[in-house]
Amino acid sequence: MSMAASTLAVAYLIAAVLFILGLKGLASPRTARAGNLYAMAGMTLAALVTLASPQVADYGWIVAGVAIGGGIGAVLARRVKMTDMPQLVAILHSFVGLAAVLVALGTYFTHRDAGALNALLMAELGIGSFIGAITFTGSVIAFGKLQGLIGSAPLRFAGQHWVNLALALLMVGFAGQFVLGGGLPAFAAMTALALLLGVLLILPIGGADMPVVVSMLNSYSGWAAAATGFTLHNELLIITGALVGASGAILSYIMCRAMNRSILSVIFGGFGAGEAAAAAGGGVEGRSVKSAAVEDAAFMLENAGKVIIVPGYGLAVAQAQHATAELVDALEKKGVEVKFAIHPVAGRMPGHMNVLLAEADIPYDKVFEMEEINPDFATCDVALVLGANDVTNPAAKTDRASPIYGMPILDVHRARQIFFVKRSMKPGYAGVDNALFYQDNCALVFGDAKKVVEGLTQALGHS
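Read on for a plain summary of the structure. (Residues numbered from 1 in each chain as written. Predicted model: local features only at pLDDT ≥ 70, side-chain atom pairs only at ≥ 80, totals over all residues. Heavy atoms only, no water.)

1. Regarding the overall build of the protein chain
Using the following cut-off: Each helix is a run of H or I in the DSSP string that is no shorter than four residues. Each strand is a run of E no shorter than two, and both are numbered from the N terminus. Here the radius of gyration uses the C-alpha set of atoms, whereas the globule reference equals 2.2 Å times the residue count to the power 0.38. Only heavy atoms enter the contact rule, under which two residues are in contact if any of them lie within 4.5 Å. Computed with the Shrake-Rupley method and a 1.4 Å probe, the accessible areas treat only the protein chains shown as cover for residues. Only four residue types enter the tally: Lys and Arg on the positive side, Asp and Glu on the negative side, with His and both chain ends excluded. Taken as the charge centre is NZ of Lys, CZ of Arg, CG of Asp or CD of Glu, depending on the residue.
A tally of regular secondary structure across the protein chain gives 16 helices and six strands. Relative to the 2.2 N^0.38 estimate, which gives 23 Å for 463 residues, the radius of gyration of the protein chain is 25 Å and therefore close to what a compact globule would have. Its C-alpha atoms put the protein chain at 80 × 50 × 35 Å along the principal axes. Residue pairs in contact within the protein chain that sit at least 24 positions apart in sequence constitute 78% of those at least 6 positions apart. A total accessible area of about 21500 Å² is found for the protein chain, and carbon and sulfur atoms account for 65% of it. Where the 28 positive side-chain charges of the protein chain centre and where its 30 negative ones centre are 2 Å apart.

2. A closer look at the sheet that holds strand β3 (residues 367-369)
Operational definition: Paired strands, in this sense, are two strands between which DSSP finds at least two bridges. Helix axes use the C-alpha atoms of the stretch in contact, all axes being lines fitted to C-alpha atoms, and the angles between their N-to-C directions lie in the range 0 to 180 degrees.
The sheet built from six strands is open, its strands ordered β3-β2-β1-β4-β5-β6 with parallel pairing. Across the chains shown, the open sheet's two edge strands, defined by having one partner strand only, are β3 and β6 (442-446). If you compare each strand with its neighbour and ignore which way they point, the axes differ by 25 degrees on average. Two strands pair when backbone bridges link them, and strand β1 (residues 306-311) and strand β4 (residues 382-386) are joined in this way by five bridges, in the parallel orientation. Within β4, the position partnered with I308 by the bridge is A383. Here helix α12 (residues 321-333) sits on the sheet and contacts β1, β2 (337-342) and β4; the angle it forms with β2, its principal contact strand, is near 145 degrees.

3. A closer look at the nonpolar core
Threshold: Put simply, a nonpolar core is a bunch of buried Ala, Val, Leu, Ile, Met, Phe, Trp, Tyr and Cys residues held in one set by side-chain atoms that sit within 4.5 Å of each other. Relative accessibility thresholds used throughout: buried, under 20% of the residue-type maximum; exposed, over 50%; partly exposed, between the two (1.4 Å probe, protein chains only).
I309, L384, F419, V445 and L456 are the most contacted members of the largest nonpolar core, which totals 42 residues. Take this core: its biggest share by element is six residues, from α12. In terms of nonpolar packing, the next biggest core, distinct from the first, is built from 35 residues, V101, L121, M171 and L197 among them.

4. Details of helix α5 (residues 119-147)
This is how it is decided: What a helix should span is 1.5 Å times the count of its residues minus one. Polar contacts, as used here, are pairs of N or O atoms within 3.5 Å; protein pairs need one atom able to donate a hydrogen and one able to accept it. Residues neighboring in sequence count only if both atoms are side-chain atoms.
The first and last C-alpha atoms of α5 sit 42 Å apart over 29 residues, in line with the 42 Å expected at 1.5 Å per residue. N-capping of α5 is provided by N118, with a side-chain oxygen placed 3.1 Å from the backbone N of L120. After α5 finishes, the residue G148 shows a positive phi value of roughly 85 degrees.

5. Quick look at the packing of α5 against helix α6 (residues 160-202)
The condition that has to hold: When an angle is under 35 degrees it counts as roughly parallel; over 145 it counts as roughly antiparallel; between 65 and 115 it counts as roughly perpendicular; any other value is oblique. By definition, any crossing whose near helix is turned counterclockwise from its far helix by less than a right angle is left-handed, and any crossing with a clockwise turn is right-handed. Three categories are distinguished: nonpolar for Ala, Val, Leu, Ile, Met, Phe, Trp, Tyr, Cys and Pro, charged for Asp, Glu, Lys and Arg, and polar for the others, with Gly belonging to the last.
The interhelical angle for the contact between α5 and α6, taken along N-to-C directions, is 15 degrees, at an axis separation of 8 Å. Between α5 and α6, the crossing angle belongs to the class labelled roughly parallel. Every pair of crossing elements has a handedness; the one defined by α5 and α6 is right-handed. Within the contact of α5 with α6, the residues separate by chemical class into 22 nonpolar, six polar and one charged.

6. Remarks on the environment of E332
Within the fold, E332 resides in helix α12. Sequence spacing of E332 and V63 is 269 residues, and the spatial spacing of their C-alpha atoms is 54 Å. When neighbours within four sequence positions are excluded, E332 is seen to be in contact with V338 and K366.

7. What about the pattern of salt bridges?
To be explicit about the condition: Put simply, a salt bridge is a Lys or Arg side-chain nitrogen that is within 4 Å of an Asp or Glu carboxyl oxygen.
This structure, assessed with the given rule, holds eight salt bridges. In this structure, the salt-bridge partner of K339 is E337, at a minimum N-O distance of 3.8 Å. Assessed through its relative accessible area of 37%, E337 is described here as partly exposed. Across the pair R416 and D381 runs a salt bridge, and its minimum N-O distance is 2.7 Å. Pair noted here: R416 is in the loop between α15 (395-398) and β5 (417-422) and D381 is in the loop between α14 (370-373) and β4, with a separation of 35 residues, a long-range link. Using a relative accessible area of 22% as the deciding quantity, one classes D381 as partly exposed. In this structure, a network of salt bridges that share partners links the residues E337, K339 and D376.

So yeah, pure geometry; function would need other evidence.
So this is what it looks like as structure tokens:
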């Protein structure tokens, strides 16, 4: 091995270790910042040593690509709101998938013209292309659902699972033909079927399961990157892709367990899911809800011994995390114990609420996951819900016709008094009416979450 090759191998090894440390750091909010720094350092090292490699003969296209892509990325990073971050993550996954398809196609042409095609390389190209194609269109559909361009309700049709199975078998068949020398027509047919399969796998998945879908697509993008690494004979890309693919798969499994969902159901586009109605308003039609003024809610909060705040997408939309931190300070000055309850799929992507609360410097020891906090609701004086609709819906436990039936929820309904901050009576992302609204111990405080929370803090200051 030449000195240049050995130096590159050592640098890649160090970068891989930094990536592993980065993933380890992301396992906890306390170490997430350090984890990000490790990962950034690893990526910087990997990019620099790759550019310095003797294999890079021309920097023209590389510089142009980095300039254009980096410029677009910088603009997006500054303009994209925190509430739109799940959409950004989904569309970035689609880019990884599309890159895998293009790399496979480009490698096929260069090796074909050089007469260097072989069965192993063709297999690598086929696997990389169809994983990338499924990731690409699946991520585009996820983006459309998250952005509201496509309805969040599951889109299902009779025999969809058999159609998906037939498409998958045909795709594998064309992949085999491609490996055996089928050429570009077989490659095109395989990729086209994979693109269609990506659409049909994600369309049947409802809004309540979108955080799991984002995690799953993250895993797919990792495996697509790993396949590209084999194609390009780049060990670091293989390692990085495998890390992302494995961690995304593990996270998807953990979230599915937390939601009482089958991982196979999510991976295969709702396989085995019941034909539940799109809305679960059964038993609440014709019933009215109680509303409360900000001052009424502030009075109850001030006189409470224990308050549990449940952040949701409403908090993210209103960017109310900093106002919520000020409310916590005001309550604690009056001797009120305050905790936060986080559902695994609150928001639109894994860890959405944790990121928002961390941004507002809310102490980690006040933030509790669902399993830890649920027993506390029974002894809670006031539960303040900031737009967390689907994850607080008791119908998940009582209504078998509900699309979210069986999904573990935060036991907000057991609190002595509930104030639910909501802009309107519009259902949550899953399109399901929330039975919590009709309970005697629940009152709705209508308005933007940030303005309501600011009003609560102001009212507490005047009391």
